[in-house]
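# Examination of the molecular architecture
Chain by chain, the residues run as shown.
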Amino acid sequence: MKASCVYGAFLFLLLAITDAVESTRAYNIEEDLSRPTADSIEGTRWAVLVAGSNGYNNYRHQADVCHAYQILKQGGLKDENIIVFMYDDIAYNEDNPTPGFVVNKPYGPNVYHGVPKDYTGNDTNVNNLYAVLLGNKSALTGGSGKVLSSGPNDHVFFYYTDHGGPGILAMPVGDLVYAKDLIEVLKKKHEMKGYKRMAIYIEACESGSMVSGLLPGNVNVYSTTASKPDENSWGCYCPGDDDDDRSQSAGKTNNSTATPGSPDFYGTCLGDLYSVAWLEDSDVHDPRKETMRQQYKRVKKRTNASHVMQYGDMSLNNVFRSLFMGPNYPDNNLSASTRPKPFSSSSGGMVISQRDAKLAYLRNKVQIAPDGSLEQLEAQMRLRDELLHREQVDRKIGKIAKLLLGEKDGLVAVPNTVLPEGQPLVNDWECFKTMLRTYEEHCGALTHYGRKYTRVMANMCNAGVNKEQLIWASTEACS
């Protein structure tokens, strides 16, 4: 899909009047609560930031998290209250043309500096994530030891960015984050009186499935997601997006001819569409004057490749963003030309599905390598292997679905049926986990691409398929 991450001015002119109106009427839903302000709130602001991937082709996720840290730090949160999960393999990666320097937009500032390295490498696993959220130090395995030691007067911001699939989020190492498990952790945290209010932002394909039909409205948690339960999320500022006037390269690009700081120069997507939208909005709006609803509306309009969604406690729509992200903001007026604009197809830049961002990275590696070189041959082999893996996953899942769900009019019966909004993905989550693990045991890892098929596994559970039947079908399809 064609789009760009460039800036323009007209969106903010259109929103100026509604901003003024909403700022005056914002917190009147709950009469028993006066609107919290930077000076009036009790307790501490906490944040948990998670980049769920590794590898330079997934550069954008760690860049998103680093940018989020800079916003929170500027907002006044202390490092002791910001907990960061990131594999930490891109800043000094051999593919990074600016070692130690990570950007989240073309020609952008270094967002890597100062970021706490709480959980990196093999410590970026789901067990540590749940232990951190629950404040359970004894359950940690490695890492800095920081946990979410928040109390009943505290406010928590939880941000996750990476690959996902229906009902799941990935982590760099080990098992997946399952929607039901995550919601149970949040419920337990609420029962422990571990926070007063919580906001959750999720960037991932099918991210709406992590909370739709699962997140109660009475646990003081507000969530937005990059997409509906059946939609991709999108990478942004990708190679091919170098449409800035500073770009002088033509024809075949490589790291030496691409404009320094451009996506072509970095050879990978620098950000994600939804994440870039909320991060850049936070850069240019005073958190003491922007409500969660106002940010949601701006992000929804700017994220034009998927439907940004809201879930949970909608009364939190009306609090100021400073409640979660801190009250500090530079007292200078930004000109309209510096403010983020809607992503538009007019300039021909690339916005790429999260699942295809790896292909874009690999194709770029083939393109920039010297013709006929060993480097180009190796890049071609990696691209070929990725395409072959995708073909095999498509074939295996298709055959299993046909064997177990049957066929009608030449089509496999409801393998990807989407339940109505507000219903959880699956009724039996243990069956769902068993189906995924059984498939991978007999047919190999689904990987980020194949996890788009987890809805097929959910529908098998909803249709009454059991583990023994899946073992039989997997043996037939994958032998």
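The rules behind the values
- Residues numbered from 1 in each chain as written.
- Predicted model: local features only at pLDDT ≥ 70, side-chain atom pairs only at ≥ 80, totals over all residues.
- Heavy atoms only, no water.
- Helix = DSSP H or I, 4+ residues; strand = E, 2+ residues; numbered from the N terminus.
- Buried < 20%, exposed > 50% of the residue type's maximum accessible area, 1.4 Å probe, protein only.
- Contact = heavy atoms within 4.5 Å.
- Areas by Shrake-Rupley, 256 points an atom, 1.4 Å probe, with all protein chains shown as cover.
- Pairing = 2+ DSSP bridges.
- Polar contact = N/O pair within 3.5 Å; in protein donor to acceptor, adjacent residues only side chain to side chain.
- Axes fitted to C-alpha atoms, helices over the stretch in contact; angles between N-to-C directions.
- Disulfide = S-S within 2.5 Å.
- Expected span 1.5 Å × (residues − 1).
- UniProt positions renumbered as here; feature names shortened; annotations may be inferred.

## Structural notes on the overall build of the protein chain
Looking only at helices and strands, one finds 14 helices and 14 strands in the protein chain. Of all 479 residues assigned to the protein chain, the portion counted as buried reaches 57%. Taking the contacts inside the protein chain whose residues are at least 6 apart along the sequence as the reference set, 80% of them involve residues at least 24 apart. Summed over all atoms, the accessible surface of the protein chain reaches about 19200 Å², with 50% contributed by carbon and sulfur.

## With respect to the sheet that holds strand β10 (residues 271-272)
Reading across from one edge, β10-β9-β12 is the order of the 3 strands in this open sheet, with antiparallel pairing throughout. What marks the edges here is a single partner per strand, and that holds for β10 and β12 (352-353). Examined bridge by bridge, strand β9 (residues 234-236) and β10 share 2 bridges and lie antiparallel to one another. Note on β10: the bridge partner recorded for Gly 235 is Asp 272.

## Structural notes on the environment of His 442
Relative to the elements of secondary structure, His 442 occurs in helix α11 (residues 429-443). Taking C-alpha positions, His 442 is 7.0 Å from Cys 478, a pair spaced 36 residues apart along the chain. Among residues more than four places away in sequence, those in contact with His 442 are Ile 471, Ser 474, Thr 475 and Cys 478. Polar contacts involving the side chain of His 442 include one to the main-chain carbonyl oxygen of Thr 438, which spans 3.0 Å.

## Observations regarding the sheet that holds strand β1 (residues 45-51)
The 6 strands are arranged β2-β1-β3-β7-β8-β11 in an open sheet whose pairing can be described as mixed. The outermost strands of the open sheet, each flanked by one partner alone, are β2 (82-85) and β11 (309-312). In this sheet, adjacent strand axes meet at a mean angle of 10° when their direction is disregarded. Bridge count between β1 and β2: 4 bridges; the pairing is parallel. Pairing of Val 48 across the sheet is with Ile 83, part of β2. Its contacts with the sheet put helix α6 (residues 273-284) on β3 (155-161), β7 (197-203) and β8 (221-225), and the angle it makes with β7 is roughly 135°.

## Re the state of the cysteines
Taken as a whole, this structure holds 3 disulfides when the rule is applied. Each sulfur in the disulfide pair Cys 431 and Cys 461 lies 2.2 Å from the other. Taking the torsion about the sulfur-sulfur bond, which here is approximately -95°, the covalent link between Cys 431 and Cys 461 counts as left-handed. Of the two residues, Cys 431 sits in helix α11 while Cys 461 sits in helix α13 (residues 454-462), which places them 30 residues apart along the sequence. Using a relative accessible area of 16% as the deciding quantity, one classes Cys 431 as buried. Residue Cys 443 pairs covalently with Cys 478 via a disulfide, S to S 1.9 Å.

## Brief notes about the side chain of Ser 53
Structurally, the position occupied by Ser 53 is in the loop between β1 and α2 (59-75). Under the relative-accessibility criterion, Ser 53 is labelled buried at 1%. Within polar-contact distance, the side chain of Ser 53 engages the side chain of His 61 at 2.8 Å. Beyond its immediate chain neighbours, meaning those up to four positions away, Ser 53 contacts Asn 58, His 61, Gln 62, Tyr 87, Asp 162 and Pro 172.

## What to know about α6
Its 12 residues place the ends of α6 17 Å apart at the C-alpha level, agreeing with the 16 Å of an ideal helix rising 1.5 Å per residue. By the criterion of burial, α6 is predominantly enclosed, with 11 of the 12 residues buried. Burial in α6 covers these residues: Leu 273, Tyr 274, Ser 275, Val 276, Ala 277, Trp 278, Leu 279, Glu 280, Asp 281, Ser 282 and Val 284.

## Examining the UniProt feature "active site" (unreviewed entry) in the protein chain
Per the UniProt record, the feature "active site" (unreviewed entry) sits at His 163 and Cys 205. Taken together, the annotated residues stretch across 43 residues yet fold into one region, lying no more than 6.1 Å apart by C-alpha. Mapped onto the fold, His 163 is located in the loop between β3 and β4 (164-165). Excluding residues that lie within four positions of it along the chain, His 163 makes contacts with Asn 58, Arg 60, His 61, Leu 169, Ala 170, Ala 204, Gln 354 and His 448. Of note is the side chain of His 163, whose polar atom sits 2.8 Å from the side chain of Asn 58. Position of Cys 205 among the secondary structure elements: in the loop between β7 and β8. Apart from residues lying up to four places away in sequence, Cys 205 is in contact with Gly 164, Gly 165, Ser 227, Glu 231, Asn 232, Ser 233, Gln 354 and Arg 355.

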